[in-house]
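Structure assessment
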Amino acid sequence: MASATSIASGSSAVHRLLQDPTTFLRRRITSLPSLLQSQTLLLTSGLLRSSPSAAGLLLRLASSLSSLSHSLLLFGHLPLPLPLFSVNSLLSSISVTSPPSLTIRFFSSLLKSNSFTPNSFSFLPLITSCARSKSLLLGLQLHSQSLRRGIIPSFHVSNALVHFYSNCGCFTTARKLFDEMPFKDIVTYNTIIESYVSNGDLDSASKVFDEMGKRNIVSWNILINGYVKLRNPNRALEVFREMKRIRTLKGTAVTMVSGITACARLGRLKPGKEIHGFFIRNFKEDNLIFWTALVDMYGKCRKVEIARKVFDKIPSKKRNLVSWNSIIVSHCLYGNPLEGISLFHELIETGDNIWPGGITYIAILCACARAGLLSKGQKYFNQMIEIYKVKPTFAHFWCLANIYKSQGFLKEAREVLKSMPLNTSSKALGGLLGLCKFRGEFELGERIAKRLVEMDSCNNLYKALLCSVYVASGKWKEAREIKRELRGSLREERIRVGHRLTDLNEIACNFEISKEVYVILDELAVGLNING
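These figures come from a predicted structure and were not determined experimentally.

Re the packing of aromatic side chains
Considering all chains together, one arrives at 16 aromatic pairs under this definition. When the centroid spacing of 5.4 Å and the interplanar angle of 80° are considered together, the rings of Phe178 and Tyr189 count as edge-to-face. Linking Phe178 in helix H13 (residues 171-180) with Tyr189 in helix H14 (residues 186-198), this pair joins segments that are 11 residues apart in sequence. Residue Tyr189 is classed as buried on the basis of its relative accessible area of 19%. Ring pairs connect the aromatic residues Phe344, Trp355, Tyr361, Tyr380 and Tyr388, which therefore count as one cluster.

Structure (C-alpha cells):
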C-alpha cells in the first residue's frame, strides 16, 4: 500500500506518478493519505489540469476514499469536461449520502453546464436513491429525462426502474417494465417477486418464482418470508422444505428465521427442532434474531423450559426488548406466570436502558390474570402509564378487565371496558367485526356493527362495515338501505377528517388472529353485552 509518506519520500514513486499518473493511481492509491498526497503532487506538477484521464480517476478515487465535501471541492477545481466514469462515480457518492432532491439538483446543474452528457449509468444511482426514499415524482422526472434524451436503459438501470416503481407502489408499471425487458436475470425476477409480495399477491409471486430458470437463496427467502408475513405459515414451511431438498443451498440466517417463525405460528415443534439442529450444525454466526425467534417458537409450542435455556445462552449485553419480550410472553402465557413476572423485574433491573413496552405489559397483565393477582395487576397497569408512558390499547384494557373477572368482580370488569377511550373501543370492535366476517358469524357481526354505529353515528366507515356484513350474509334489502343512507350523508357533508371508507381488511388487520384472540374476542363480546 502506498502511504502519503512513502510517496513523498520515495523519488521513484514520485517519478512513476508523474510519468504515468493513471496507471499509478489505479495500482497504488488505496487509502485517504495516499490519495491526498497524490492530489498534491498532481496539482503542483500541473498534471491535474493537463491530464483529463488522471483528473477523472482522482475524482473517482476521492468519491470512494474521502468525504463528500472533499470530492465536491475537488470537482469544483477540475477542468471540464471530465471523463464520464468519474462524474458517474461522484453522482453515486452523492446519492448514497444525500436526499434525492439534492442529488437531482446537482445532476441538473451538470446538464446546464453543457460539459456533461449523461449515459444510462448516470441515471442508475439517482433512480436507486429515489427507490430507497420512495420519491415517486423525482423518479418519474428522471425516467422521463432519460427517455427524452433517447437513452436506452442498460440492463442494470432497467432492474433499478422495476425496483423503483415497486417500492413506490406502482406495481402495474413495474410489471409492464418487467415484461418489456428483453433479457432478465435473477435480480430482475427477485425484484418483481418482491413487488408482488409487498402488494400481498402471493399467487402471482409464486407463479413468477416457478417460471425462474435459475434461483438463488434471495429468491427463496423472498417467497418464504412473504408467506410468513402474509399469514400463510403452512405454505412457508412447504417452500422451506422444498428449498432444503436442494443440496447446493443451505439457506441463510434469514431463511432459518422465516422457517422458525412459521413453526411458531403453527405450533409445530418437530420441524422447529429440526431447523434448530440444522442451524447449529451449519451456521457459526451468533444471530440474535434467530435465537429470539427460537425462544418464541419453543414458547408457543409450550416448551417454556427449552425456551429459557435458549434465552439464557444469549449474551446479556446482546439482549434487546424483543428477546426479553419473547421469554416473558412465553412464561406469562404458556408457562409459570410468576416466573414471567420475575423475568419482568429482571428486565427492569438490568440497567441496560431497555424499558418495557406495550407487549411486555400485555404479557404481565395476562400473568396477573392467570395467577389471580388483582392488586399487582392494577399496580402494573398504572406503572405502565405513569412511569413508562406506554399508552394503553384495547389489549391492555381487556387484560385488566380479565383480572377483575378472574376474581369474580364482573361489575368492575365491565367498568374497565366501558372506560376505554372511544377510538380504542371502536378499534377493538372493528377487529372483532372483521373476525366475525372471517369466521362466518354474521349475526354477531351485525350486532357489533350496529354497536359501532351507535358509538359514533357520524362515522360513515362503521356504516360501510355494517353494509359489508349485510352483503356477506345475503341481507340485500338491509344493505341497500345502508347504501342509500351513506350516499345521502356523503352528499350533505364531506366525511370528517380521519374517517374514510376503507376496505374491511384494513380494520381486521388491527388484530393478529390467533387461537388466543378467538377466546379474547368471544369474551369481549360478552363483556360489552354485544350478545344481548
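Let's pick the thread back up.
Details of unusual backbone geometry
Phi is positive for Arg302, which is not a glycine, with a value near 65°. Assignment of secondary structure puts Arg302 in the loop between helix H20 (288-300) and helix H21 (304-313). In this structure, Lys389 takes a positive phi of about 55° despite not being glycine. Locating Lys389 in the fold gives a position in the loop between helix H25 (374-386) and helix H26 (394-406).

Points about helix H23 (residues 337-349)
Here H23 contains 13 residues, and its C-alpha end-to-end distance of 19 Å stays within 8% of the 18 Å for a straight helix at 1.5 Å per residue. Among the residues making up H23, those that are buried are Pro337, Gly340, Ile341, Leu343, Phe344 and Leu347. In a view along the axis of H23, the buried residues occupy a sector of 160°, so they form one face of it. Facing away from the buried side of H23 by over 90 degrees, the exposed positions are Leu338 and Glu349. Two or three places before Leu338, at the opening of H23, Asn336 has a side-chain oxygen 2.9 Å from that residue's backbone nitrogen.

Observations regarding the confidence of the model for the chain
The predicted coordinates of low-pLDDT regions are not to be read in fine detail. Confidence in the prediction for the chain averages 78 pLDDT; 74% of positions are at 70 or higher. Considering each helix and strand of the chain separately, the mean pLDDT is smallest for helix H32 (residues 504-508), with a value of 33, and largest for H21, with 96. Here residues 1-5 is modelled with pLDDT under 50, and outside its nearest four sequence neighbours on either side it reaches 10 contacts, counting other chains as well.

With respect to the side chain of Ser135
By the secondary structure assignment, Ser135 is in the loop between helix H10 (120-133) and helix H11 (136-148). Since its relative accessible area comes to 17%, Ser135 is described here as buried. Residues in contact with Ser135, not counting those within four places in the same chain, are Pro100, Cys130, Phe164 and Cys168.

Quick notes on the pattern of salt bridges
Applying the stated criterion to the full structure yields seven salt bridges. In this structure, Glu180 and Lys176 form a salt bridge, with 2.6 Å as the shortest nitrogen-oxygen distance. A residue pair is termed a helical-turn pair when its members lie 3 or 4 positions apart in one helix, as Glu180 and Lys176 do in helix H13 at four residues. Each of Arg308, Asp312 and Glu339 takes part in a single network of salt bridges with overlapping partners.

Some remarks on the environment of Ser316
Among the structural elements, Ser316 can be located in the loop between H21 and helix H22 (321-334). Classification of Ser316 as partly exposed rests on a relative accessible area of 45%. For Ser316 and Asp352, which are 36 residues apart along the polypeptide, the C-alpha to C-alpha distance reads 9.3 Å.

A word on the state of the cysteines
If you walk through the whole model with that rule in mind, you get zero disulfides. You can see Cys168 has no disulfide; the closest cysteine sulfur is in Cys170, sitting 6.1 Å from it. Looking at Cys168, the relative accessible area reads 19%, which means it is buried. Looking at Cys399, it has no disulfide partner, and the nearest cysteine sulfur is the one in Cys366, 3.6 Å off. Accessibility expressed as a relative area gives 3% for Cys399, which makes it buried.

Here we look at the packing of H10 against helix H12 (residues 155-167)
In contact at an axis separation of 9 Å, H10 and H12 are set at 20° when each is read in the N-to-C sense. Put simply, H10 runs roughly parallel to H12. Read as a crossing pair, H10 and H12 show a hand that is left-handed. In this structure, H10 contributes Ser120, Phe121, Leu124, Ile127, Thr128, Cys130, Ala131 and Arg132 to the contact, and H12 contributes His156, Val157, Ala160, Leu161, His163, Phe164 and Asn167. Considering only residue class, the contact of H10 with H12 consists of nine nonpolar, five polar and one charged.

Thoughts on the side chain of Asn159
Assignment of secondary structure puts Asn159 in helix H12. Among all residues touching Asn159, those that are not within four sequence positions of it are Met181, Asp185, Val187, Thr188 and Thr191.

A word on a positive patch on the surface
Side chains of Arg241, Lys244, Arg245, Arg268, Lys270 and Arg281 sit close together on the surface and give a patch of like positive charge. Elements with a contribution of two residues or more to the positive patch: helix H17 (233-244) and helix H19 (269-282). In this fold, Lys244 is placed in helix H17.

Some points on the environment of Leu486
Secondary-structure assignment places Leu486 in helix H31 (residues 476-492). For the pair Leu486 and Cys467, spaced 19 residues apart in the sequence, the C-alpha separation amounts to 9.5 Å. The contacts of Leu486, once residues within four sequence positions are left out, are Asn460, Lys463 and Ala464.

Some points on helix H27 (residues 410-418)
Among the residues of H27, those classed as buried are Ala413, Val416 and Leu417. Here the buried residues of H27 occupy an arc of 95° about the axis, which is enough to place them on one side. The exposed set on the far side of H27, more than 90 degrees from its buried face, consists of Lys411 and Lys418.

Cut-offs used in this document
- Residues numbered from 1 in each chain as written.
- Predicted model: local features only at pLDDT ≥ 70, side-chain atom pairs only at ≥ 80, totals over all residues.
- Heavy atoms only, no water.
- Phe/Tyr/Trp six-rings, centres within 6.5 Å; stacked < 30°, edge-to-face > 60°.
- Helix = DSSP H or I, 4+ residues; strand = E, 2+ residues; numbered from the N terminus.
- Buried < 20%, exposed > 50% of the residue type's maximum accessible area, 1.4 Å probe, protein only.
- Expected span 1.5 Å × (residues − 1).
- Arc of directions from axis to C-beta.
- Polar contact = N/O pair within 3.5 Å; in protein donor to acceptor, adjacent residues only side chain to side chain.
- pLDDT = per-residue confidence, 0-100.
- Contact = heavy atoms within 4.5 Å.
- Salt bridge = Lys/Arg side-chain N within 4 Å of Asp/Glu carboxyl O.
- Disulfide = S-S within 2.5 Å.
- Axes fitted to C-alpha atoms, helices over the stretch in contact; angles between N-to-C directions.
- Parallel < 35°, antiparallel > 145°, perpendicular 65-115°, else oblique.
- Left-handed = near helix turned anticlockwise from the far one by under 90°.
- Nonpolar A, V, L, I, M, F, W, Y, C, P; charged D, E, K, R; others polar.
- Patch = residues over 30% accessible without salt bridge, like charges linked within 9 Å, V, L, I, M, F, W, Y side chains within 5 Å.
- Areas by Shrake-Rupley, 256 points an atom, 1.4 Å probe, with all protein chains shown as cover.
- Lys, Arg positive; Asp, Glu negative; His and termini not counted.
- Charge placed at Lys NZ, Arg CZ, Asp CG, Glu CD.

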